[in-house]
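# Survey of secondary and tertiary structure
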There are 2 protein chains.
Amino acid sequence: MFRLWILPGSISVLMTFFLLTSDLFPRSAFAQANSIPADQLPQFTPDGSLREPSNWETWVMVGASTGLSYNAPAAAPAAGAAPGTFHNVYMQPWAYREFMKTGVFPERTMLVLSFFDASRKSAPAKAGFYEGDRVPDIDIHLKRKGIDQTGWAFFGFTDGAAVGGKLPSSASCYSCHATEAAHDNVFTQFYPFLRTRLASARH
Amino acid sequence: MFRLWILPGSISVLMTFFLLTSDLFPRSAFAQANSIPADQLPQFTPDGSLREPSNWETWVMVGASTGLSYNAPAAAPAAGAAPGTFHNVYMQPWAYREFMKTGVFPERTMLVLSFFDASRKSAPAKAGFYEGDRVPDIDIHLKRKGIDQTGWAFFGFTDGAAVGGKLPSSASCYSCHATEAAHDNVFTQFYPFLRTRLASARH
């Protein structure tokens, strides 16, 4: 009788491990925490365009800015005028965690640039501007070996398009990011938590 | 012999289910996805102060604004002057998902208000402002039944303190949020994705 119980015991342990490591049951929380959610990875169309990732507005917002322009304004801004369009930049949570650990943007990092009208704060505020209507365009900056000599590519999504074409390597954004960005083609100088991470690594 | 194999089979199935449902093994991905990470829930000190949640900067940033003030400015702003301090508001990812599903802020929702100096964009930009040094203060707005007659409380974290005291219910923020906020004591009118969610529910 004792021997009969040893046998079922060994088999059940083996079978338990088989089930836990097979695809028949959902993977453990440990494995889940170390994998990258599919919707936070770049997905391409057959012709090499990028699909808009879903729910990018829930990613880590690494920096907001207002009124960014690469051209000198035609006229001096009027006193009290709106500071210009808001820009928010979002990064995948897994890529942010990796960057905070290593100080390096991992392959497949995506930075989503989105735009919002600057709306005047009304009651109860007496001054200030908030994010009004979202401009339907977004741009995505993707790190991918070999995609361009800088190792990064820009994709433009116009008027709410679900797919964005790659901007040609001759576009000025490539050369400007390559020479002006503080760290690996990314304007980390404008992103508080990334900037702090890089500064702390130097000391 | 056949009967001997039936017995181990039943026992191993039973034991497998016991192990999968017990705390001896990590919970399945399914259970994990439906539970709330502990660091996204309010944690209190014995005297009822709130502990600063870790990594709130990775939560969903629901809205940025600049130069918000409840007082009329003493002097008209100068032309080209900085638009004022940036305010970013962050919300727990699970609470955001819940709100997008139901249009209701779940109990234990926290909104973290953080502040950044407005720094002038330098090269390559010709105009604009970005988020400079973070002001070490944060405020947290917490939804919790019974904590105040509005169902929400404010906690102030000064100078990087890890613990924030509850502001008294007589503080003006309570009455102002109660009367001026577009939805359940929250200024959803200033938060693009929450605002859109609420507008879509009306149609």
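Definitions and limits used
Residues numbered from 1 in each chain as written. Chains lettered and ligands numbered in written order. Predicted model: local features only at pLDDT ≥ 70, side-chain atom pairs only at ≥ 80, totals over all residues. Heavy atoms only, no water. Phe/Tyr/Trp six-rings, centres within 6.5 Å; stacked < 30°, edge-to-face > 60°. Helix = DSSP H or I, 4+ residues; strand = E, 2+ residues; numbered from the N terminus. Buried < 20%, exposed > 50% of the residue type's maximum accessible area, 1.4 Å probe, protein only. Lys NZ or Arg CZ within 6 Å of the ring centre and 35° of its normal. pLDDT = per-residue confidence, 0-100. Contact = heavy atoms within 4.5 Å.

So, on to the packing of aromatic side chains. Throughout the structure, instances matching the rule amount to 18 aromatic pairs over all chains. Here the aromatic rings of phenylalanine 105 of chain B and tryptophan 152 of chain B are separated by 5.7 Å at their centres, their planes lie at 85 degrees, and the arrangement is edge-to-face. With phenylalanine 105 of chain B in the loop between helix H3 (93–102) and strand E4 (110–120) and tryptophan 152 of chain B in strand E6 (residues 152–157), this pair connects stretches of sequence that are 47 residues apart. Across the pair, tryptophan 152 of chain B and phenylalanine 105 of chain B agree in class, each one buried. When the centroid spacing of 5.7 Å and the interplanar angle of 25 degrees are considered together, the rings of phenylalanine 187 of chain B and phenylalanine 190 of chain B count as stacked. For phenylalanine 187 of chain B, a relative accessible area of 5% corresponds to the buried category. Through successive ring pairs, a cluster of aromatic residues spans Trp56, Tyr90 and Phe116 of chain A together with Phe193 of chain B. Note that lysine 121 of chain A overlies the ring of phenylalanine 190 of chain B, its terminal NZ or CZ placed 3.8 Å from the centroid.

Another aspect to go through is helix H3 (residues 93–102) of chain A. Along an α-helix, a turn takes 3.6 residues, which lines up residues three or four apart on a common side. By the burial criterion, the buried members of H3 of chain A are Pro93, Trp94, Ala95, Tyr96 and Phe99 of chain A. Once H3 of chain A ends, the next one or two residues include glycine 103 of chain A, with phi positive near 75 degrees.

Bringing the confidence of the model for chain A into the picture now. Residues and elements named next belong to chain A. Of the residues in chain A, 81% reach a pLDDT of 70 or more, and the chain-wide mean stands at 85. Within the model, pLDDT remains below 50 along residues 13–32, and this stretch shows 23 contacts once partners closer than five positions in the same chain are excluded. Per the prediction output, this complex has pTM 0.82; the corresponding ipTM is 0.81.

Residue and element names in this part refer to chain B. Tracing the backbone shows isoleucine 147 in the loop between strand E5 (127–143) and E6. Taking the C-alpha atoms as reference points, isoleucine 147 and valine 60, 87 residues apart in sequence, are found 24 Å from one another. Sequence-distant contacts of isoleucine 147, that is, excluding residues within four places in its chain, are made with Leu142, Trp152, Ala153, Phe155 and Lys166.

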